[in-house]
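Letter by letter, the chains look like this.
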Number of protein chains: 2
Amino acid sequence: MAGLYLSFLFQLFFCLSCPATNPSMLNVHLVPHTHDDVGWLKTVDQYYYGDRNNIQHAGVQYILDSVIDQLQKDPARRFIYVETAFFYRWWKQQNQSTQRIVTQLVNEGRLEFINGGWCMSDEATTHYSAVIDQMTLGLRFLNDTFGECGRPRVAWHIDPFGHAREHASIFAQMGYDGFFFGRLDYQDKARRMKTKEMEMLWRASESLTPPLADLFTGVLPNGYNPPEGFCWDQSCDDAPIRDDPDLEDYNVDEIVQKFLNAGFYKANHIIMTMGSDFQYENANLWYKNMDKLIKYVNALQAKGSKVNVLYSTPSCYLQELNLANLTWPLKTDDFFPYADDAHDFWTGYFTSRPALKLYERLSNSRLQTCNQLEVLGGPKSKSGPFGEGDSDTMSKAMGVAQHHDAVSGTEKQHVAYDYARRLATGWAHCEVLVRNSLAILSGSEAPHVFCENLNISVCPLTESSHKFSMNVYNPLGRTVSWPVRLPVNGSVYSVTDANGRAVDSQVGNVFISLKCTCYIYDMKSSCLLPLLSVRWYNASAGNNKESPQTSGAYIFRPNSSDPFVINKTAETQIVTVSSTVQEVTQWFSPWVSQVVRLYEGHRELELEWTVGPVPVADGLGKEVITRLDTDIKSSDYFYTDSNGREVLERRKDYRPTWELKQTEPVAGNYYPINSRAYIKDDKHQLTVVTDRSQGASSLYNGSLEIMLHRRLLYDDYRGVGEPLSEPGDFSDGLVARGRLLLTFTPPDTAADVHRPLAQGMVLQPLLSFQDGTPSANTKLEFSGLQTDLPPAVHLLTLSQWDEDTVLIRLEHQYQAKESKTHSQPVTVNLQKLFSTLDVLGASEMSLGANQWKEDMDRLQWNAEKTSKPLPLSAKDPSPWEVTLNPMEIRTFLLRVRQL
Amino acid sequence: MAGLYLSFLFQLFFCLSCPATNPSMLNVHLVPHTHDDVGWLKTVDQYYYGDRNNIQHAGVQYILDSVIDQLQKDPARRFIYVETAFFYRWWKQQNQSTQRIVTQLVNEGRLEFINGGWCMSDEATTHYSAVIDQMTLGLRFLNDTFGECGRPRVAWHIDPFGHAREHASIFAQMGYDGFFFGRLDYQDKARRMKTKEMEMLWRASESLTPPLADLFTGVLPNGYNPPEGFCWDQSCDDAPIRDDPDLEDYNVDEIVQKFLNAGFYKANHIIMTMGSDFQYENANLWYKNMDKLIKYVNALQAKGSKVNVLYSTPSCYLQELNLANLTWPLKTDDFFPYADDAHDFWTGYFTSRPALKLYERLSNSRLQTCNQLEVLGGPKSKSGPFGEGDSDTMSKAMGVAQHHDAVSGTEKQHVAYDYARRLATGWAHCEVLVRNSLAILSGSEAPHVFCENLNISVCPLTESSHKFSMNVYNPLGRTVSWPVRLPVNGSVYSVTDANGRAVDSQVGNVFISLKCTCYIYDMKSSCLLPLLSVRWYNASAGNNKESPQTSGAYIFRPNSSDPFVINKTAETQIVTVSSTVQEVTQWFSPWVSQVVRLYEGHRELELEWTVGPVPVADGLGKEVITRLDTDIKSSDYFYTDSNGREVLERRKDYRPTWELKQTEPVAGNYYPINSRAYIKDDKHQLTVVTDRSQGASSLYNGSLEIMLHRRLLYDDYRGVGEPLSEPGDFSDGLVARGRLLLTFTPPDTAADVHRPLAQGMVLQPLLSFQDGTPSANTKLEFSGLQTDLPPAVHLLTLSQWDEDTVLIRLEHQYQAKESKTHSQPVTVNLQKLFSTLDVLGASEMSLGANQWKEDMDRLQWNAEKTSKPLPLSAKDPSPWEVTLNPMEIRTFLLRVRQL
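As the structure is a prediction and not an experimental result, all values here were calculated from the model.

Criteria and cut-off values
- Residues numbered from 1 in each chain as written.
- Chains lettered and ligands numbered in written order.
- Predicted model: local features only at pLDDT ≥ 70, side-chain atom pairs only at ≥ 80, totals over all residues.
- Heavy atoms only, no water.
- Helix = DSSP H or I, 4+ residues; strand = E, 2+ residues; numbered from the N terminus.
- Rg over C-alpha atoms; globule rule 2.2 N^0.38 Å.
- Buried < 20%, exposed > 50% of the residue type's maximum accessible area, 1.4 Å probe, protein only.
- Contact = heavy atoms within 4.5 Å.
- Areas by Shrake-Rupley, 256 points an atom, 1.4 Å probe, with all protein chains shown as cover.
- Lys, Arg positive; Asp, Glu negative; His and termini not counted.
- Charge placed at Lys NZ, Arg CZ, Asp CG, Glu CD.
- Least-squares fit on C-alpha atoms with pLDDT ≥ 70 in both.
- UniProt positions renumbered as here; feature names shortened; annotations may be inferred.
- Phe/Tyr/Trp six-rings, centres within 6.5 Å; stacked < 30°, edge-to-face > 60°.
- Lys NZ or Arg CZ within 6 Å of the ring centre and 35° of its normal.
- Buried area = accessible area lost by both parts, 1.4 Å probe.
- Salt bridge = Lys/Arg side-chain N within 4 Å of Asp/Glu carboxyl O.
- Polar contact = N/O pair within 3.5 Å; in protein donor to acceptor, adjacent residues only side chain to side chain.
- Nonpolar A, V, L, I, M, F, W, Y, C, P; charged D, E, K, R; others polar.
- Pairing = 2+ DSSP bridges.
- Axes fitted to C-alpha atoms, helices over the stretch in contact; angles between N-to-C directions.
- Parallel < 35°, antiparallel > 145°, perpendicular 65-115°, else oblique.
- pLDDT = per-residue confidence, 0-100.
- Disulfide = S-S within 2.5 Å.
- Arc of directions from axis to C-beta.

1. Brief notes about the overall build of chain A
Here is step 1 of the chain: Assigned secondary structure in chain A consists of 17 helices and 41 strands.
Here is step 2 of the chain: Computed over the C-alpha atoms, the radius of gyration of chain A is 28 Å, within 12% of the 29 Å expected from 2.2 N^0.38 for a compact globule of 899 residues.
Here is step 3 of the chain: Once the C-alpha set of chain A is aligned to its principal axes, its extents read approximately 95 × 70 × 55 Å.
Here is step 4 of the chain: When burial is assessed residue by residue, chain A has 64% of its 899 residues classed as buried.
Here is step 5 of the chain: For chain A, the share of sequence-separated contacts (at least 6 apart) that also reach a separation of at least 24 residues comes to 76%.
Here is step 6 of the chain: Carbon and sulfur atoms make up 51% of the accessible area of chain A, which totals about 32,500 Å².
Here is step 7 of the chain: Between the mean site of the 84 positive side-chain charges and the mean site of the 107 negative ones, chain A shows a separation of 3 Å.

Written out as structure tokens, the structure reads:
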């Protein structure tokens, strides 16, 4: 590792070759780039190959072919590439000669990787765990392939529809020097343009000690497009530069003048994105005309012009800004919700495609399980008694699923199917690995069966077998209690645990409660019912009066602020009241029902909702919400999480950084939730933990609403070209089912409940089944950890890195000050973690695991002073004992030996 | 010249490198090509640069950039390029390094020039003189740039809308080994597909001794497109070959099978055009997928497949066909008219844009004059007292004007304007040259004024001056009589010739008759009037019953076979009856009038028609014809010329080579005329000589009709996307004016009249004016020729080739047997031609002047036997005395010295 370290250092100076600028002139940094969606109107592979060009002309293989050709023609030319999911596909199809050429271009800074994750993730509907994974996947490929020169220095989210603070925090911890994006609220942008606040320092955590989560952030001047009239891609119609005086329409003077009039910022550096969606398939068009633009604009310098145009990259632009040593405005909230006009709030996609959103979240849980079992099972887990298995397929499937037109729900239907299919294929590969690993760990090669359809009470094995065993793998770092419901045909079952002890269970609906911890809690499910209602907003079909904007995959625009209540007097049936569970079922209508459950020993109320097929024969699109109306005096305030981690305060009809002119009283108050939302007053807090990402708001004092499902009849003019109306398997519309966990607590103990509850929802136990009785030598119980992790510590990542190295991430899962008990530094001994692994060495890494922690040397920025007290960090007591401060994630590569 | 000759021989073996084929397999020749219209929806320069891509995505500069890049990646890859007007523009923008690379690709046969004229000329509306010129312009550039390896071996007219026999004759005489085209009548194609007659030997002249005008001719299987499903251009949506098993939708097997099922000819060679309009802008898409196609299809040979796919060129394909040594069917008529469906006859464009068609024809006359005066005036004509002048600009303007969407009238309006503007600019350059040359030849630098608007009686100089002189330059090789009409303000003028002798003239309308030869002729203009009528067909707007086809720029489809007569009782006024001229004016309607003139001493009747603005406020498109109804017993027969040279017999509702099913009784009987049409019986022949290309037919016994003008309200769905409705300068529709010359003769003396009459119409005297009296030393008369050429001989070309070389083409202008007097071999002494030039040497060339005549070694083909007697040729009596046989054109480079 020392050798590798030296090689990093050597390359560090070699690959950062920025073009010369002119300090006495306005330097215009032309940044040639392409924005390659990892699936949207076409699937990721259709985009890669350029298939189905009748849907959209786009072929990434050709983009990379063409750019590499064109970069070789002139050392001044630059290009940035962003999406590693595509670059990886392309790279492995190239011969050695091309690979050598590309490596040289990277080493010389002519081809620069930016962002570099597997995809450009969505920021509203992704969970931080999956975001970190997909970034790690992409960054690792770049590091393995190109070394230090392949390390992206700039985060680049030019297309996502609003920006999460947690994403900025993640990028900062991954070592990025800066962050650029394209979309923000039109009112906010107008103000920033006016006050010259398009560039700022984003302090992205209230818990981490600055500058740990500080990120220089720039809003790009033209979204991510070129200035008007300067789009020279094959997909554009702008006039090329015609510089042959012998031909008609010589236009050099006109074009140069237009460029000089383009209205730059007042600073002496400006960045210009020269590219857009899937551009550069024929890079010659771009470069040939940009070559001419540079030549002719700079030729005017001899006549006194003070404009200097150059090929550049975001890193080189950023370096110039940094050298300027200015003071930047400070940003501490986030960039949600995003509106591009008065009635055009991109808050619908927070809920779009709820089934895909759940499947993605479940897949994350499965991937973590798969990763952990690969580590615990050792090399034979990938090639064992059940064949060849791997976690890579699932990693890549999850990588593309994080894309901002994937889990966001804003892709075409056939593309949504493709994402789901990839996750299913990923899991199929994982299943083999898991079977192998469980065989190794249990000492029995009896086959494990997975029941994929327990959510609709289908499991052939349990339904037919008189005697079966169930394996439960818990991927969390501590013991949990988890109720299980299985379909069976018998009426009397004896249920025992690994030690032969009886387990609390009930037939009828069989409940198996694992290791329950008991709480006193006075809530009864039935007493909550009056608080709950299911309603639907009538989706706007556009109107001529205010705006033609419709509600669609991206946009939420209700026709009226008052949602329709679905059958106020629901048919209610108490199915079971037993020691295990209290359960109430409500039928609101043929397409909306709800089961409310309170499990013995649990503090949370479970709300299992079933919505669909949403009827649209009446010609009305419907956006279905569940609303909880309480006596909590929340006023206009409510709270939503950011990518499942830190919680941000929200206030109705209000934005912290500018004076909002509210134009959509409902949609303009919706925010994404990834794991939870809450309202509170001095005494009470209602927290809702979700099983997937959703949109939520609080529009009335004491009220919290969550959007569950949407079915719409019109496209919303943002490119997807389809109304969001998902087909069902057996009916004309998709049925979605999900769970919300509700807790009522005093505010100061709320985090102690919702933090572990949410992690338990994210990382669910994996159930597998075996017919008959386990053979005699079967090991029935196993823990990979020597002991439960401390309550504040979450095992975020445990995955095999290479033959004798594993990647581990330990996370402090509490924010500063949110828990009296847990919001404290906590120490873990890395050597004493695992029961089956001997830890021989540990190297701390950046969050993305593509840089040694000690090498991280981010650019320093001066921010405006703030009056907020800054959190402080505790230090490690010893090299093996690592201390986690609130909200801190620490990433290590551990050299291990199987015991 | 001997040295150059050796260099030709050397390269001959070097550059013909065809790919290996497999004699035991079906060899599929993939021919990568692009079809680049020299103007159509965009101007030629817009196409070159890729400007106005909103109209059509097309940028030729990028095509050539991209193809050259891609050819370098694999020596197996081939490409053919056709249009030298584009290649020339591109070549001169390249640096030496690129030029070297391209030269090497050409030398190695990887880039092959095909056709190679300045453009791919239209075949229906072009005059052979301009066609030969534009071919010479392109071929010379290729020869000068690349030598023998740049010489195209194949003529390639994949897009023109029907094919003229004279074009085939020209191509044969230019040394082409074969000819491929894409469009022919759908009935003809179906029959040929069935009888395997898609390839044939075209005997393109009834006068020239075979194989002088024999041309191997192939109809391409898919027009000029790739087989369905195999279009991999950026402009296509066909599925790419997806050969990465790790990605979704692996489709190699499916694509290969589809290719093998594509249904080839039964021969063991098949040509496949892999390209189309403006394709290969991103050649990587094409080559990457074709590479894979070749790889995977040929891989099946190991499993017994008998299909061998290879990159090839038309020349290489032709070479294989030639080696097969088969006997081919013989074709002696032509491929007009072209119909692609039952009601879709492409016979409208024969007349579309009549003003552009006239302007192009006049420009040809001006270019010949310019060329001749450049030779006669010597080097100072290009740089003399009036500045820098040249004939190149006009040559190139005429070169693009021959394109099959230029003079054809099938371009968009703004493109038609561009062609006209180019011709005007060309003439402006020529004007300087002509002024310089006339100054040199006359010994006076008094400025010459040209009056461009004599057709509307505008000439400021003659209208204001009391005394002026007129210069007349006659570009024909013999003396002609030519009436001149000038606008003047005085009422009494004395008109004298160069020797001070009075010239017959008349004021009122002033007529100046130059050197009239007198004929007895009994025709009076007034007695002809009843024969003449102007009518209009109501253009079809499409109908649901038979076909939605409309009449448009390409298509002629009258709504009814009966045209409307425009005011049968025309207001008729005899303006002048004098010794100079008899003139009758007829006003048929406010938008149609006609002047009928008979000049003293002339045998022909002049019909000056004025049509327009054609009114369309009634919602009816109109196609205006003039019809001559005579007592001639022509039955169903009539005669039309081919590109202004040989005449073909036409027969109503009949095609010589297949049993016609006539579906359009009018449009299906229209043929293009470029210089003349006639009907005849045993005793009489009515010949009409035109001033431009037009459509004509004979639908009734004794009747001949010529379409004069068209104004239409609908696009005809062939891509131009505009209705043919030309705007006028001062009104809402274009006014067209033109002349028809009518002769009534016995059939056996008709050619003696119409041949010189037509040449006089094509090459008109150039008039220029000087104020006042010429100065004393001015030479008032001059002839470049020592003496008039013999009556059968036409001076087709006289132009400066390089410093001491001139290009001359002498043409026998009579067909075999058409004239008792003139259809005989005739001999000219090259040394005794010029009055101002000493001819030091003469080298005979191919018709295109890009090959020594003695080096011409065309491929030999076996044709079916024919019963027709073959014409024989007379030989040259001596090296300087060259004999012209009927319809023969002989091309020489003369080494000359100014006397």
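2. Remarks on the relation of the copies chain A and chain B
Here is step 1 of the chain: Mapping chain A onto chain B leaves a residual RMSD of 0.1 Å; the transformation is a rotation of 180° accompanied by 0.0 Å of translation along its axis. Considering both components of the superposition, the chain copies are consistent with a two-fold axis. Across chain A, the rotation axis passes nearest the C-alpha of A:Asn282, at a separation of 2.8 Å.

3. Some remarks on the UniProt feature "domain: Glycoside hydrolase family 38 central" (unreviewed entry) in chain A
Here is step 1 of the chain: What UniProt calls "domain: Glycoside hydrolase family 38 central" (unreviewed entry) maps, in this numbering, to residues 344–423 of chain A.
Here is step 2 of the chain: Secondary structure content for residues 344–423 of chain A is 56% helix and 8% strand, and the end C-alpha separation is 32 Å.

4. Some remarks on the packing of aromatic side chains
By convention here, two paired aromatic rings are described through the distance between centres and the angle between planes.
Here is step 1 of the chain: Under the definition given, this model contains 86 aromatic pairs over all chains.
Here is step 2 of the chain: For the ring pair A:Phe556 and A:Tyr670, a centre distance of 5.1 Å and an interplane angle of 75° mean the geometry is edge-to-face. Of the two residues, A:Phe556 sits in the loop between strand 19 (532–538) and strand 20 (564–565) while A:Tyr670 sits in the loop between strand 27 (647–651) and strand 28 (671–673), which places them 114 residues apart along the sequence.
Here is step 3 of the chain: Aromatic pair B:Tyr338 and B:Trp346: ring centres 4.9 Å apart, planes at 50°, arrangement tilted.
Here is step 4 of the chain: Its guanidinium or amino end placed over the ring of A:Trp801, A:Arg140 lies 3.7 Å from that ring's centre, counting from NZ or CZ.
Here is step 5 of the chain: The aromatic ring of A:Trp536 is capped on one face by A:Lys622, whose charged end is 4.8 Å from the ring centroid.

5. Let's talk about the interface of chain A and chain B
Here is step 1 of the chain: Across the boundary between the two partners, chain A contributes 41 residues, which contact 41 residues of chain B.
Here is step 2 of the chain: Together, the buried faces of chain A and chain B total about 3,400 Å²; carbon and sulfur atoms form 42% of this surface.
Here is step 3 of the chain: The largest contributions to the chain A side of the interface with chain B come from A:Tyr49, A:Tyr62 and A:Leu247, which together make up 18% of the buried area.
Here is step 4 of the chain: For the interface between chain A and chain B, the tally reads ten salt bridges.
Here is step 5 of the chain: The residue B:Lys288 makes a salt bridge to A:Asp65 at a minimum N-O spacing of 2.7 Å.
Here is step 6 of the chain: Applying the counting criterion to the chain A and chain B interface returns 28 residue pairs in polar contact (both at pLDDT 80 or more).
Here is step 7 of the chain: Listed by contribution, the elements that provide at least two residues to the side of chain A that touches chain B are helix 2 (44–49), helix 3 (60–71), helix 4 (84–92), helix 10 (283–299) and helix 14 (413–442) of chain A.
Here is step 8 of the chain: Its residues assigned to classes, the side of chain A that touches chain B shows nine nonpolar, twelve polar and 20 charged.

6. As for the sheet that holds strand 5 (residues 178–181) of chain A
Residues and elements named next belong to chain A.
Here is step 1 of the chain: If you trace the five strands from one edge of the open sheet to the other, you get 4-5-7-6-11, paired in mixed fashion. Lying at the two open borders of the sheet, with one neighbouring strand each, are strand 4 (154–157) and strand 11 (330–331).
Here is step 2 of the chain: With respect to the sheet, helix 7 (residues 165–173) is in contact with strand 4, strand 5, strand 6 (199–203) and strand 7 (214–219), its orientation differing from that of strand 7 by roughly 120°.

7. With respect to the packing of helix 9 (residues 252–260) of chain A against helix 10 of chain A
Each packed pair of helices is defined by two parameters, the angle between the axes and the distance between the axes.
Residues and elements named next belong to chain A.
Here is step 1 of the chain: It is at 10 Å that the axes of helix 9 and helix 10 come closest, and there the two elements cross at 80°. Considered as vectors, helix 9 and helix 10 are oriented roughly perpendicular to each other. On helix 10, the residues touching Val252, Ile255, Val256, Phe259 and Leu260 of helix 9 are Leu293, Tyr296 and Val297.
Here is step 2 of the chain: Broken down by class, the residue content of the contact of helix 9 with helix 10 amounts to eight nonpolar, no polar and no charged.

8. Describing helix 11 (residues 314–324) of chain A
Residues and elements named next belong to chain A.
Here is step 1 of the chain: Along helix 11, eight of the eleven residues are buried, which leaves the element largely enclosed by surrounding structure.
Here is step 2 of the chain: When we look at burial in helix 11, the residues that qualify are Pro314, Ser315, Cys316, Tyr317, Leu318, Glu320, Leu321 and Asn322.
Here is step 3 of the chain: Once helix 11 finishes, Asn325 follows within two positions and takes phi at roughly 55°, a positive value.

9. Quick notes on the confidence of the model for chain A
All names here are of chain A.
Here is step 1 of the chain: Averaged over all residues, the pLDDT of chain A equals 91, while 94% of them reach at least 70.
Here is step 2 of the chain: A low-confidence stretch, residues 510–520 stays under pLDDT 50, and its non-local contacts, those more than four residues away or across chains, total 40 contacts.
Here is step 3 of the chain: In the model, residues 522–527 has pLDDT below 50 throughout and makes 14 contacts with residues more than four positions away in sequence or in other chains.
Here is step 4 of the chain: Among the scores for the predicted complex, ipTM is 0.89 and pTM is 0.92.

10. With respect to the state of the cysteines
In protein structure, a disulfide is the covalent linkage between the sulfur atoms of two cysteines.
All names here are of chain B.
Here is step 1 of the chain: The tally for this structure, following the rule as stated, stands at eight disulfides over all chains.
Here is step 2 of the chain: Disulfide pairing is shown between Cys231 and Cys236; the S-S distance is 1.9 Å. Across the pair, exposure class does not vary: Cys231 and Cys236 are buried alike.
Here is step 3 of the chain: Here Cys370 is linked by a disulfide to Cys430, with a sulfur-sulfur distance of 2.2 Å.

11. Concerning the sheet that holds strand 6 (residues 199–203) of chain B
All names here are of chain B.
Here is step 1 of the chain: The strand order across the open sheet built from five strands is 4-5-7-6-11, with neighbouring strands paired in mixed fashion. Each of the sheet's edge strands pairs with one partner strand only, and the pair in question is strand 4 (154–157) and strand 11 (330–331).
Here is step 2 of the chain: Relative to strand 7 (residues 214–219), strand 6 runs antiparallel, the two being bridged by five bridges. Its bridge partner being in strand 7, Met200 is matched across the sheet by Thr217.
Here is step 3 of the chain: Helix 7 (residues 165–173) rests against strand 4, strand 5 (178–181), strand 6 and strand 7 of the sheet, and its axis sits at about 120° to strand 7.

12. Quick notes on the pattern of salt bridges
All names here are of chain A.
Here is step 1 of the chain: Under the counting rule described, the total for this entry stands at 108 salt bridges over all chains.
Here is step 2 of the chain: Here Asp629 makes a salt bridge to Arg627, at a shortest N to O gap of 3.3 Å.
Here is step 3 of the chain: Salt-bridge contacts for Asp691 lead to Arg692; the nearest nitrogen and oxygen are separated by 3.0 Å. Across the pair, exposure class does not vary: Asp691 and Arg692 are buried alike.
Here is step 4 of the chain: A single network of salt bridges, built from pairs that share partners, joins Arg485, Glu583, Arg597, Glu606, Glu608 and Arg739.

13. Re the pairing of strand 27 of chain A
All names here are of chain A.
Here is step 1 of the chain: Two strands pair when backbone bridges link them, and strand 26 (residues 637–641) and strand 27 are joined in this way by five bridges, in the antiparallel orientation. Paired with Tyr637 across the two strands is Arg651, which belongs to strand 27.
Here is step 2 of the chain: In sequence, strand 26 turns back onto strand 27 through a hairpin of five residues, with Asn643 there showing a positive phi of about 50°.

14. Details of helix 9 (residues 252–260) of chain B
Residue and element names in this part refer to chain B.
Here is step 1 of the chain: All of the buried residues in helix 9 are Val252, Ile255, Val256 and Phe259. Along helix 9, the residues classed as buried sweep out an arc of 95° about the axis, all on the same side. In helix 9, those exposed residues whose orientation departs by more than 90 degrees from the buried face are Asp253 and Glu254.
Here is step 2 of the chain: Residues of helix 9 that are buried make contact with strand 1 (26–32), strand 8 (269–274), helix 10 (283–299) and strand 9 (307–311).

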